[in-house]
Amino acid sequence: MGKRNIVITGGAGFIGSHVVRLFVNKYPEYRIVNLDKLTYAGNLSNLSDIENRPNYTFVKMDICDFDAFLQLMQREKVDGIIHLAAESHVDRSIKDPFTFARTNVMGTLSLLQAAKLYWESLPGKYKGKRFYHISTDEVYGALEVTHPDGIEPPFAAPANAPHHKAYGEDFFHETTNYNPHSPYSASKASSDHFVRAFHDTYGMPTIVTNCSNNYGPYQFPEKLIPLFINNIRHRQPLPVYGKGENIRDWLFVEDHARAIDLIFHRGAIAGTYNIGGFNEWKNIDLVKVLIRTVDRLLGRPEGADLDLITHVPDRPGHDARYAIDSSKLRKELGWEPSLSFEDGIEKTVRWYLENEAWMDNVTSGDYQAYYKNMYR
Ligand code: NAD
Ligand code: TYD
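Within every chain, residues take consecutive numbers counted from 1 along the sequence as written. Chains and ligands are labelled sequentially in the order written, the chains with letters from A and the ligands with numbers from 1. Local features are withheld for residues below a pLDDT of 70 in this predicted model, meaning they are given only at 70 or higher, and side-chain atom pairs are given and counted only at 80 or more; totals for whole chains, interfaces and linings count all residues. Excluding hydrogens and water, the side-chain figures rest on all heavy atoms present in the structure.

**Remarks on the site of ligand 1**
In the vicinity of ligand 1, 28 residues are found, and the nearest of them are I15, D36, S88, Y184 and K188. Between an oxygen atom of ligand 1 and a main-chain N or O atom of T39, the distance comes to 3.0 Å. The term polar contact refers here to a pair of N or O atoms within 3.5 Å; inside protein, the definition further demands a hydrogen-donor-capable atom paired with an acceptor-capable atom, and it admits residues adjacent in sequence only when both atoms are side-chain atoms. Note that an oxygen atom of ligand 1 is positioned 2.7 Å from one of the side-chain N or O atoms of S88. Compared with its free state, where it exposes 830 Å², ligand 1 has 97% of that area covered by protein. Helix numbering and strand numbering both begin at the N terminus, where a helix is a DSSP run of H or I of at least 4 residues and a strand a DSSP run of E of at least 2. At the level of secondary structure, the elements contributing two or more residues to the shell around ligand 1 comprise helix 1 (14–26), strand 5 (130–136), helix 5 (183–202) and strand 7 (213–215). Working definition: residue near molecule or strand if any one of its non-hydrogen atoms lies within 4 Å of it. The Shrake-Rupley method, run with a 1.4 Å probe, gives the accessible areas here. Residue values count only the displayed protein chains as cover.

Now the structure itself:
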């Protein structure tokens, strides 16, 4: 593939840190610039294992800073952008939608416009360039739960899919119309439209992927899985929204990172790919799996902590069901999730239990003070 200069935005966050690690390890000939504002969700200690590699640099920057980003493009001769930086938590978006519009919409537009100015100034213009935007399945809205007890999914699930169940006949396909409900998904939908508009209007080589819920190490403990693992460990209540019957489709974060690598290098320009593991779970069933796994690994009697489940008022506008059809990615590029959900959850719970210092650091906010002094 030769040498490439790639900016990965949001590389200090959950998914971004896995993507940065994969690229830095796999492509020593590339130059990888991790661009991140280090909000509450960005934590450079997520990358302490690779921070001294010669092919890696960190730049503290807000994606809304158009001038700074244009200068970075010129200085680093950037030919590829993998854009993950975003405000990512639905509950926060309900309380503070402006921040989501600013970063997710205006920030994405700012990157697009700077990339356009720089690439159009080059002799080869867009040749060999890529603007790859990472998005979510939440832009498609919510699917109906037509089979609350689950049915056999109407497609060939991966051989290692352990939880071979679908809770409805409908799935999100690449052609599904956008119908976002939360301020978070509305802001991501808007940014997806801008990315596609830059292809259609200016010919920028863009790619958009829409992935289902990720889980794994280094996820900020505001999201369901790390929050609940930590609460079970400390025997704190587990706030299940409503009856816990909402359905999410879970994918191990390293499988998402592998898909991003594949699509960045081999995906079709102007293409859209859905990424998901065919792995639907009702929240309440997932919470019980987490309780059983934490209890077993801590040597507590199995199910000892089931009484921590506390039903709390539902999230406003709570989407009933997400379920991704990722057949296109599997057929066209040969991607498969590598881990079964049982193995992924086991690996994830072990990681959080073995990395209590990371959790303490993030929950206390100490990491913020440390990096604030380092990067101003
Ligand atoms: P995250 O919240 O863990 O990390 C986001 C990162 O972006 C942080 O490092 C933060 O500091 C940085 N950031 C935020 N605002 C910024 C700004 N203005 N300028 C520069 N950097 C900024 O998020 P995540 O869960 O890793 O999600 C990454 C991307 O993947 C997002 O675009 C999200 O919409 C998408 N996505 C997430 C999931 C999921 O389940 N987490 C699923 C599908 C898609
Ligand atoms: P979350 O991890 O916030 O991801 P998203 O909202 O992007 O899907 O939530 C996953 C599911 O878990 C979602 O249906 C909301 C629910 N949930 C709870 O029931 N309690 C909680 O404390 C949280 C954070 C989420």
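Past the structure itself, the notes keep going.
**Regarding the sheet that holds strand 2 (residues 31–36)**
Taken in spatial order, the seven strands of this open sheet run 3-2-1-4-5-6-10, and their pairing is parallel. The open sheet is flanked by strand 3 (56–60) and strand 10 (272–275), the only strands paired with a single partner. In this sheet, adjacent strand axes meet at a mean angle of 20° when their direction is disregarded. A pair of strands counts as paired when DSSP detects no fewer than two bridges linking them. Where strand 4 (residues 80–83) lies against strand 5, four bridges are found, and the strand directions are parallel. The partner of H83 across the bridge, within strand 5, is H133. Only heavy atoms enter the contact rule, under which two residues are in contact if any of them lie within 4.5 Å. What counts as an axis is a line fitted to C-alpha atoms, over the stretch in contact for a helix, and the angles between N-to-C directions run from 0 to 180 degrees. On top of the sheet, helix 1 reaches strand 1 (5–9), strand 2, strand 3 and strand 4; it is set at about 160° to strand 1, its chief contact. In this fold helix 4 (residues 97–120) packs onto strand 1, strand 4 and strand 5, with an angle of close to 170° to the strand it touches most, strand 5.

**With respect to the pairing of strand 9 (residues 247–252)**
Most of strand 9 sits inside the fold, with six of its six residues counted as buried. Bridge analysis of strand 7 against strand 9 gives three bridges, and the strand direction is parallel. Within strand 9, the residue paired with N213 across the bridge is W250. The sheet contact formed by strand 9 and strand 11 (residues 280–282) spans three bridges and is antiparallel. Along strand 11, the bridge assignment pairs D249 with E280. Only protein chains enter the accessibility calculation, which uses a 1.4 Å probe; a residue whose area is less than 20% of its type maximum is buried, one above 50% is exposed, and one in between is partly exposed.

**Side note on the side chain of S340**
Mapping S340 onto the fold places it in the loop between helix 9 (327–333) and helix 10 (341–354). Of the residues examined, S340 reaches a relative accessible area of 13% and is grouped as buried. Polar contacts involving the side chain of S340 include one to the main-chain amide nitrogen of D343, which spans 3.2 Å.

**Some points on unusual backbone geometry**
Within the chain, Y218 stands out as a residue other than glycine whose phi angle is a positive 70°. Turning to its location among the elements, Y218 is positioned in the loop between strand 7 and helix 6 (224–233). When its relative accessible area of 16% is taken as the criterion, Y218 is described as buried. One non-glycine residue, R235, lies in the positive phi region at around 50°. With respect to the element layout, R235 can be found in the loop between helix 6 and strand 8 (238–241).

**Focus: the packing of helix 6 against helix 8 (residues 283–297)**
Running from amino to carboxyl end, helix 6 crosses helix 8 at an angle of 45°, the nearest separation of the two axes being 10 Å. One element, helix 6, and the other, helix 8, form an angle in the oblique class. Here the hand of the crossing between helix 6 and helix 8 comes out right-handed. Counted together, L224, I225, F228, I229, I232 and R233 of helix 6 and N283, L286, V287, L290, I291, V294 and D295 of helix 8 form the full contact between these two elements. Split into classes, the residues belonging to the contact of helix 6 with helix 8 amount to ten nonpolar, one polar and two charged. Each angle receives one of four descriptions, namely roughly parallel if under 35 degrees, roughly antiparallel if over 145, roughly perpendicular if within 65 to 115, and oblique otherwise. Each crossing gets its handedness from the near helix: less than a right angle anticlockwise from the far helix is left-handed, clockwise is right-handed. Any residue outside Ala, Val, Leu, Ile, Met, Phe, Trp, Tyr, Cys, Pro, Asp, Glu, Lys and Arg is labelled polar, Gly included; the first ten of those are nonpolar and the last four are charged.

**Focus on the sheet that holds strand 7**
Hydrogen bonding along the main chain pairs the strands of a sheet, whether they run parallel or antiparallel. As summarised here, the arrangement of the three strands in space is 7-9-11, forming an open sheet in which the pairing is mixed. The two strands at the open ends of the sheet, each matched to only one other strand, are strand 7 and strand 11. Averaged over all adjacent pairs, the angle separating strand axes in this sheet is 50°, with direction ignored. Running over the sheet, helix 8 touches strand 9 and strand 11 and is turned about 90° from strand 11.

**Some thoughts on the environment of S182**
Secondary-structure assignment places S182 in the loop between strand 5 and helix 5. Sequence separation of S182 and Y30 is 152 residues, and the distance between their C-alpha atoms is 37 Å.

**A short note on the site of ligand 2**
For ligand 2, the set of nearby residues contains 17 residues, the closest of which are E138, P239, R248, R315 and H318. Taking P239, its main chain carries an N or O atom lying 2.7 Å from a nitrogen atom of ligand 2. Contact distances for ligand 2 include 2.9 Å between an oxygen atom and a side-chain N or O atom of N283. Alone, ligand 2 offers 510 Å² of accessible surface; in the complex the protein occludes 96% of this. Within the residue set of the shell around ligand 2, elements represented by two or more residues are helix 6 and strand 8.

**Some remarks on the nonpolar core**
Generally speaking, soluble globular proteins have nonpolar side chains that are buried together. Nonpolar core, defined: a set of buried Ala, Val, Leu, Ile, Met, Phe, Trp, Tyr and Cys residues in which side-chain atoms within 4.5 Å join the residues together. The biggest cluster of nonpolar side chains holds 38 residues, and the ones touching the most others in it are I8, F23, I82, Y132, I263 and I275. Within the residue set of this core, elements represented by two or more residues are strand 1, helix 1, strand 3, strand 5, strand 6 (206–211), helix 7 (253–266), strand 10 and helix 9. Here I82 is in contact with I6, V7, I8, T9, F23, Y132, I134, I260 and F264, once residues within four sequence places are set aside. Listed in part, the 31 residues of the second largest apolar core include L238, L286, L290 and W358.

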